[in-house]
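Reading the structure
Chain by chain, the residues run as shown.
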Amino acid sequence: MRRSYLVIGSIICATAMVASVGTPAPAQENRLDDLGVLRACIALGLQSLDEEKPLRPIATQRSERFQGKVAETNRLMCRGGSSAVQQRPTPWVDWSNYFGTASKRSMLDVRDQRGITGALIDLEYQRMELIKFNLFDNKTFAQYASSPTGPVLKKWSEMRLEPTHPSFASVGGNGPQRCDGDLIRHRTLTGICNDIENPAMGASGQLFARNVEFESTFPDIGANELAKNRHGDRLGLLKPDPQLISRKLFTRDQAGARNCNQGHGASDSVDADCPYRKAPSFNVLAAFWIQFMTHDWFSHLDDSRNDQSHIMTSLGCATPEAVQLGCRPGDKMDAALIADSTAPAMFKAGESGTERPARSYKTTRNTVTAWWDASQIYGYDERSERRTKRDAADRAKFDMRPGHTGEKLGYLPVFGSACPPGATTGQCDPIQPEWAGQEATAFPDNWSIGMSFYHNLFVREHNNFVDEFRKQAALTPNADSGLRNPADPRQVITYSQVTPEELFQVARLVVSAEIAKIHTIEWTTQLLYNEPLYRAMNSNWSGLIDQDKYPVMNRIVERIRDKFRASSDPRDANVLASAVSSGPGIIATGANKKLVDEGTGKWDPKIVNGGTSHFGSPFNFPEEFPTVYRLHPLVPDLLEFRQIENDPNQIRKKVAVIDTFRGKATARMHDGGLANWALTMGRQRLGLLFLRNHPQFMQNLDLAPRLDTKIDVAALDLIRDRERGLPRFNELRRQIGLRQLTSFEDFIDKRPDVSEADKKLQRELVDSLRAIYGTHKCDVSKQITSAQRNPDGSPINDCLGNANGSEVDNIEDVDMVVGWLAETTRPHGSAISETQFHLFILNASRRLFSDRFFTSSYRPEFYTTFGLDWVNNNGPGGKRMEQGEPNGHEQEVAPLKRILLRNAPELEPELRHVINTFDPWARDRGEYYSLEWKARVDAKSDPSFKK
């Protein structure tokens, strides 16, 4: 395999270097260590010529993983100079200290891209090892771990449809199951048949997977010796007290507040302020975007539960200090839904014969589809589909009603009443009573002005696509639309022959792909605002190699990827195939192959399905992934409402977010108008994802009238993670291949440019962490993990490098969400912690790798030629380019910007200045990845920019 690793390393380097050609880089201000850098690079170059020193191999066992830390001083010096070397002792990844990975000051010159290339190589190593070590499916793990071919399995009996499923007979019943016909033409309602060989994979109702070893889940029950050694008896559902953590670690500093009223504001008065720590380069549109996304990806909610009796659980407030800080002992919430709490079966894994659990100690169920299929709009089961409103006069469209004065594209209709017991279909909406009056859509829970905005926007986009398609059909009615029916795949379907139902389903494919593209190359590149991640996320979609400029290299890399997929070494075939995908990208993988089998005259199932990669484990989201998206600090308490037609620089009123919940969102949207709400959320900065920055209204949230209580959402986040058996923060880092922390002091940012004010705050937070989680006398005889080892190869023990009997921090007990909010050492421009991002590296790629509608079925036979061009070009009329080269790139007009211009055209004067829709619209982006909060020329009067 050594030759394979050398080849893969060469490909990664080559693609990264090709991508860097022509990228301008500003001069570095301080080049005092240039000579040392030069010497290191020369030594590294000579080493690369020595065949006895190949590239670092992929780890063969989890305790040998890369951890994002470069072992060789020369490599570190060459990539980042002395500042990178100085940060080596910290537990945080090295790549964020390389040349070119931060702002202008991190750059050398135009000829030096080795820091960015090195960062991309490090990130690819991390993804390959995550794929190799972090896939734990609750149904199929025993096959994966005990069979030599487990990691390359592509079909599982556990992914069959059950006899009770309505499509059971259609896919083959009790015999071999394979999807065909109408089940594979479009995205299905419940998500079945995305993978035609595994009908149930990713469908609604499947079990959440895990990204950590099952043995590390549910640490509070002490099911194994390592968990007992790691935590002692210190953990429980209410230990430490969730409301104490919320009040002491999450509450926003309200110094300088005016008329805040715990986040409720003062009746839309402009004279109100709920201070919060603001992100410099991320806006409120981005905060609500991620809620819009998570409604599509995962839900633990049983939305018919209002008809059931409630099992309630306390949210804490059982300690005197918590009571003193204002918690509420009466806070209660529905207990988490558990799919199976029986003891898991055990099996003997690998050659060692070690007994392991075949699943997590308890399992949970994803009640929506796991695919990126816009199910929050279109539905994920029969009940949710009944909530959606199609246009009765045109079944290709959604129903839209007149709304804000002057807007022609309309708004979604609202729900009527909830269904009483015994009601028949058509008499009511299948909703919970508190959803009445909200806009009608498939997933109406946790509804606010942000959800209203995105649902209305993308339903407008759906209808817009239908109108534009019909314009094309009117111009060329007899032309080939590209669409095909698998029942007769050789029969051309002209534009005029596309039925309203077919057009509705094509529009769904297009809108889903637009949403996925926005999230991948627009939202995430602003969330992680630096050059390596800009390139990495664009490579996920379309590849590091420009397919127009380097078509030959693309074909070569695709062939190498296919060869690795067929490797005789199954455990390495997956990781190597994933690495070369960074060359041509994931989108349209395998879509250039002939779809019709000449022998049968039918679609070839190997081609329909052939571009997907599941890496031996069926796709669904892991339970750790919803926890990554506990991003409540992003949301401000008050929204600064502006008007596009009445001086956008002026704040007209401040609207409490809580006053836009549920049915209030409809009135607010119709009164303010979609364009004005876009301006409002586009201009305003969201909150930093750090401790002591949760919105106040979420700590004092009124629940539905039927429950007659308040809850502390921040405390509930902790409870949910504990109920669902998430490992604690430090063990999670070990499990996903990051270096462990050894004390609370490790949370303090050791980089030289940290301000004294920030250092003071960080030390205060460390003191609070220690006060809440405590300390204990350690015992070197207690091994606490098998996921990582000490640098000398010895097991990690309870003392974490300290002497036996030392008083050590209970760093092992820190809750996951607390830990990553405490991470102050982050890559430049990163709105999230490196721990959160590490889980993104794996799962953001898998949801593209595994979906045939983004890979081998991303082709005209499914999308139509018009639809495919629409997604590829960000709308009709071909590609449009931004002026200049933002951050050194020729850049297309971003997809969400194009969608806003199509569906809220009055925003054009404002959006002409915007490069990324999730960057605050009035901010001057300045030079290379600047985070400066500076007004663009025409926004200097905007009060947001006042000191």
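Residues numbered from 1 in each chain as written. Predicted model: local features only at pLDDT ≥ 70, side-chain atom pairs only at ≥ 80, totals over all residues. Heavy atoms only, no water.

1. As for the overall build of the protein
When helices and strands are counted, the protein shows 30 helices and 14 strands. The contacts in the protein between residues at least 6 apart in sequence include a share of 74% that link residues at least 24 apart. Here the protein displays about 35000 Å² of accessible surface, and carbon together with sulfur accounts for 52% of that area. (Helix = DSSP H or I, 4+ residues; strand = E, 2+ residues; numbered from the N terminus. Contact = heavy atoms within 4.5 Å. Areas by Shrake-Rupley, 256 points an atom, 1.4 Å probe, with all protein chains shown as cover.)

2. Section: the packing of helix H19 (residues 664–672) against helix H20 (residues 674–683)
In the contact formed by H19 and H20, the axes pass within 6 Å of each other and the chain directions differ by 100°. One element, H19, and the other, H20, form an angle in the roughly perpendicular class. For the pair formed by H19 and H20, the contact residues are Arg-668, Met-669 and Gly-672 on the first element and Leu-674, Asn-676 and Trp-677 on the second. Class assignment of the residues belonging to the contact of H19 with H20 gives a composition of three nonpolar, two polar and one charged. (Axes fitted to C-alpha atoms, helices over the stretch in contact; angles between N-to-C directions. Parallel < 35°, antiparallel > 145°, perpendicular 65-115°, else oblique. Nonpolar A, V, L, I, M, F, W, Y, C, P; charged D, E, K, R; others polar.)

3. As for the pairing of strand E9 (residues 653–656)
Both faces of E9 are covered, namely the face carrying Lys-653 and Val-655 and the face carrying Lys-654 and Ala-656. Pairing analysis gives four bridges linking strand E8 (residues 638–641) to E9, with the strands arranged antiparallel. The residue of E9 that forms the bridge with Leu-638 is Ala-656. (Buried < 20%, exposed > 50% of the residue type's maximum accessible area, 1.4 Å probe, protein only. Pairing = 2+ DSSP bridges.)

4. Focus on the state of the cysteines
Note: disulfide means a covalent bond formed between the sulfur atoms of two cysteine side chains. Applying the stated criterion to the full structure yields six disulfides. Between the sulfur atoms of Cys-41 and its disulfide partner Cys-78 the distance amounts to 2.0 Å. On the S-S bond that ties Cys-41 to Cys-78, the torsion sits near 100°, and the link is right-handed. Note that Cys-41 is positioned in helix H2 (residues 34–48) and Cys-78 in helix H3 (residues 73–86), a separation of 37 residues in sequence. Two residues, Cys-179 and Cys-193, share a disulfide whose sulfurs are 2.1 Å apart. (Disulfide = S-S within 2.5 Å.)

5. A look at the nonpolar core
Phe-458 and Val-818 are the most contacted members of the largest nonpolar core, which has 217 residues in total. Top element by residues in this core is helix H13 (residues 500–527). It accounts for 14 residues. Apart from the residues lying within four places of it in its own chain, the contact partners of Val-818 are Ile-245, Leu-249, Phe-250, Leu-691, Leu-718, Leu-769 and Tyr-773. Membership of the second largest hydrophobic core comes to eight residues, among which are Val-37, Ala-40, Cys-41 and Phe-99. (Core = buried A, V, L, I, M, F, W, Y, C linked by side-chain atoms within 4.5 Å.)

6. Regarding the pattern of salt bridges
The tally for this structure, following the rule as stated, stands at 66 salt bridges. Lys-664 serves as the salt-bridge partner of Asp-659, at 3.8 Å between the closest nitrogen and oxygen. One salt bridge connects Arg-770 with Glu-745, and the closest N-O pair in it is separated by 3.3 Å. Residue Arg-770 is found in helix H24 (residues 756–773), and its partner Glu-745 is found in the loop between helix H23 (729–735) and H24; the two are separated by 25 residues along the sequence. A cluster of three or more residues bridged by salt bridges with shared partners is formed by Glu-640, Arg-642, Arg-683, Glu-910, Arg-936, Asp-938 and Asp-942. (Salt bridge = Lys/Arg side-chain N within 4 Å of Asp/Glu carboxyl O.)

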